[in-house]
Every structure is written in structure tokens, then in C-alpha cells.
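# Fold and contact review
Residues per chain are reported as follows:
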Amino acid sequence: MPIKIDLNGLRKSLGLKQAEFAEKIGIKQAYLSELETGKKPIPTNIYNSLVDVFGEETCDTFAISQEEAISGQHFHGPITGDNPQFAGHDFNNNPPCNFGIEVERVIAAMTAQADLTKEAHELTRRAQAQVDVAQQQINRLLAIIEQKLNIVPV
């Protein structure tokens, strides 16, 4: 089990208000607020409820590792504005983001899409070559017909 989960990020990614999220996992909204702000740690039974309701994969996406918990470098969402959470960070060399396996999934999906695009371009090129050959054959047949019928091309 992870040390901590970004409950706020998880809840917002699902488009749920605190009351709705709390109801789904069987706790009161005030308790969820304490868990989201880190005033109280997430107990095992709440983590298990999260996994039961939203799935382990979804919860793992918002898990915060021990190293991140110690360093305070964890964030799920856009980096915008003058958020004090990012003060003093060198975003070029050490972004305070943990996208976990989601980045790998996006890269894998984009690679697969690029492969499919290359394959589609190759199929299009082959199809065009076949169309060109067919057009040449049609032109030859028309020339033969015109010659046999003594038709003068216009």
C-alpha cells in the first residue's frame, strides 16, 4: 500500500465533489477533507475502499511514493500560476510531478499511433501505385481500341 494517495487529485480527476466522493467510499465529507489535506493519514480500510470502488490501477496512478512523500515533490495536474507549492523548484531539471505509469501509457499509445500512421501511409502509397498501373493499362486499352476502330483522338 502506498504511504499516501493524492485524494484531491483522484477526486477531481473523476469529476466528483467532496460529498459525492466521500459517499462512494463510505465516509463523511469532513473526514475526507482531513484526509485530502493530510491532517489525518489514510488508514488501510479507506485505501481498500478506494481500490474496491475505483480500482487499484486508478488508485496507483495517484499514489505518492515514500521518496515523494519525504521530498514533498508530488503533484497531479497542471502547473499554472503562482502556486506556492512550486516555489523554489527548478522545473527544467527537476519537475515536481509524478505521473507514474500514465506517462509510459501515453508514450506507448503515441508510439502505437505513430506505427499505425506509418502503416497507413505505406498502404496509401501502395494503393496509389496500383491505381497508377491501372490507369496506364486503361490508357493502353483505349489506344488499342482507337487504333482498331480507326478513331482519331480529339
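We now examine the side chain of Gln 18. With respect to the element layout, Gln 18 can be found in helix α2 (residues 18–25). A polar atom in the side chain of Gln 18 sits 2.9 Å from the side chain of Glu 36. The residues contacting Gln 18, other than those within four sequence positions of it, are Arg 11, Gln 29, Leu 32, Ser 33 and Glu 36.

This part is about a nonpolar patch on the surface. Residues Ile 138, Leu 142, Ile 145, Leu 149 and Ile 151 make up a contiguous nonpolar surface patch of about 450 Å² in total accessible area. Looking at the secondary structure, you find Leu 149 in the segment after α7 (101–148). Look at Leu 149 and you get exposed, because its relative accessible area is 56%.

A word on the confidence of the model for the protein. For the protein, the average pLDDT comes to 76, and 69% of its residues sit at 70 or higher. Least confident of the elements in the protein is helix α6 (residues 66–71), whose mean pLDDT is 49; most confident is α2, at 92. In the model, residues 73–81 has pLDDT below 50 throughout and makes 24 contacts with residues more than four positions away in sequence or in other chains. Residue range residues 93–99 is modelled with pLDDT below 50. Its contacts to residues more than four positions away, or to other chains, number 16 contacts.

Parameters and conventions
- Residues numbered from 1 in each chain as written.
- Predicted model: local features only at pLDDT ≥ 70, side-chain atom pairs only at ≥ 80, totals over all residues.
- Heavy atoms only, no water.
- Helix = DSSP H or I, 4+ residues; strand = E, 2+ residues; numbered from the N terminus.
- Polar contact = N/O pair within 3.5 Å; in protein donor to acceptor, adjacent residues only side chain to side chain.
- Contact = heavy atoms within 4.5 Å.
- Patch = residues over 30% accessible without salt bridge, like charges linked within 9 Å, V, L, I, M, F, W, Y side chains within 5 Å.
- Areas by Shrake-Rupley, 256 points an atom, 1.4 Å probe, with all protein chains shown as cover.
- Salt bridge = Lys/Arg side-chain N within 4 Å of Asp/Glu carboxyl O.
- Buried < 20%, exposed > 50% of the residue type's maximum accessible area, 1.4 Å probe, protein only.
- pLDDT = per-residue confidence, 0-100.

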